[in-house]
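Geometric and topological summary
Read off the chains here:
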Amino acid sequence: MGSIYNIVVAVLLIASSWANAAPAAAGDNSVSSPSLDRRQTTSKYCASSGVCYLQIVTSGSNPTFRIAIPDGAAAPFDTLLQIIAPVSLGWAGFSWGGGMTLNPLTVAWPNGNKVTVSSRWSNGRTLPGLYSSATYKTLSSSKNATHWAVEVACTGCSRWSGGSLATSGSINTFAWAMSRTAVAQPASTGSSFSIHNNVGMFSDDLSAAKTPSSVFSQYIKSAASS
Ligand code: HEM
Ligand SMILES: *[C@@H]1O[C@H](CO)[C@@H](O)[C@H](O)[C@H]1NC(C)=O
């Protein structure tokens, strides 16, 4: 009995330390942190709208990101992205291709009680420039005492020069970044901003992100622009 108990405890300890590795790492401040491990844990989140999202939640000091795509479509299709960030963050960014460079970046920051969303692209690891091949419709945007949040529909985030989202069970890699420093001109989509305090990466086959395409397009149509 004693030895079986010891083995069970040992297995549980190993399992819990492995499971906790990504969130613990994601909370630190370094740029090249172990949160670049692609195993950051994803889950499925379904909203009352009927739209289901693949979400990445790391630690409470990082943003939550949620993405949804229309089921059955092949790229290019529109994508949905929600960013829910602690109010202390100056900007949050999402990479549709899994790294800082050569793929569409969605960057968002608070502006008064709303959120500005900026389409970016970077050829190197410096301030990303504006990217006109992706366009956004803001479906909701808000800021309160604890968080700022935004949801956008993106046209141009599912396929780009050199890459595409895979929807047929293949693995996609995504990445995110966040900064504690406010951007220079919050009202301007062209604002400059400073480097991230934390970045992360995750891989997923997008099955949790698939929403029936009729629900998906109706949701985008009916959501009030703000
Ligand atoms: C002023 C703006 C920015 C600067 C100066 C900057 C600079 C850098 C540098 C120097 C690295 C390499 C760090 C290292 O390896 O230690 C890096 C990595 C990274 N950055 Fe940025 N960055 C900026 C904005 C962004 C934005 C807006 C995003 C996402 C939307 C982003 C996502 C990433 C990611 C995911 C990595 C790690 C993976 C990779 O190197 O591709 N960065 N960045
Ligand atoms: C503040 O905003 C966040 C993100 O939208 C939301 O989850 C939270 O419920 C809001 N808090 C209050 C008190 O309304």
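Cut-offs applied
Residues numbered from 1 in each chain as written. Chains lettered and ligands numbered in written order. Predicted model: local features only at pLDDT ≥ 70, side-chain atom pairs only at ≥ 80, totals over all residues. Heavy atoms only, no water. 1 Å grid on protein atoms, 1.4 Å probe; cavity = no way out; pocket = protein on both sides within 12 Å on 5 of 7 lines; lining within 4 Å. Points joined across faces, edges and corners; volume = space filled by probe spheres on them. Helix = DSSP H or I, 4+ residues; strand = E, 2+ residues; numbered from the N terminus. Donors = N, O, S within 2.8 Å, 3.2 Å for Na, K, Ca; no water. Tetrahedral: all angles 85-135°; square planar, octahedral: opposite > 155°, others 65-115°. Buried < 20%, exposed > 50% of the residue type's maximum accessible area, 1.4 Å probe, protein only. Disulfide = S-S within 2.5 Å.

As annotated in an unreviewed UniProt entry, the protein chain is Cellobiose dehydrogenase-like cytochrome domain-containing protein from Lasiosphaeria ovina.

**Side note on the layout of surface pockets**
When its volume is computed, the largest pocket comes out at roughly 490 Å³. The wall of the largest pocket is formed by 25 residues, among which Met 100, Arg 125, Ala 177, His 196 and Val 199 lie closest to the centre. Breaking the lining of the largest pocket down by element, the ones donating at least two residues are β5 (91-95), β6 (105-111), β13 (172-179) and β14 (198-204). Ranked by residue count, the leading element in the lining of the largest pocket is β5, at four residues.

**A word on the coordination of the iron atom of ligand 1**
Metal coordination angles have textbook ideals: 109.5 degrees for a tetrahedral set of four donors and 90 or 180 degrees for an octahedral set of six. Coordination of the iron atom of ligand 1 by the protein is provided by Met 100 (SD) and His 196 (NE2), with metal-donor distances spanning 1.9 to 2.1 Å. Considering all six donor atoms around the iron atom of ligand 1, the spread of angles at the metal, 87 to 179°, places the coordination shape in the octahedral class. A residue pair is termed long-range when its members are at least 10 positions apart, and Met 100 in the loop between β5 and β6 and His 196 in the loop between β13 and β14 qualify at 96 residues. When its relative accessible area of 23% is taken as the criterion, Met 100 is described as partly exposed. By relative accessible area, which is 13% here, His 196 ends up buried.

**Points about the state of the cysteines**
Counted under the stated rule, the structure contains two disulfides. Between the sulfur atoms of Cys 46 and its disulfide mate Cys 52 the distance is 2.1 Å. Between Cys 46 and Cys 52, the S-S dihedral sits near 105°, and the bridge is therefore right-handed. Between Cys 154 and Cys 157 runs a disulfide, and the two sulfur atoms are separated by 2.0 Å. Its S-S torsion of about 80° marks the bond between Cys 154 and Cys 157 as right-handed, since a negative value means left-handed. Neither residue differs from the other here; Cys 154 and Cys 157 are each classed as buried.

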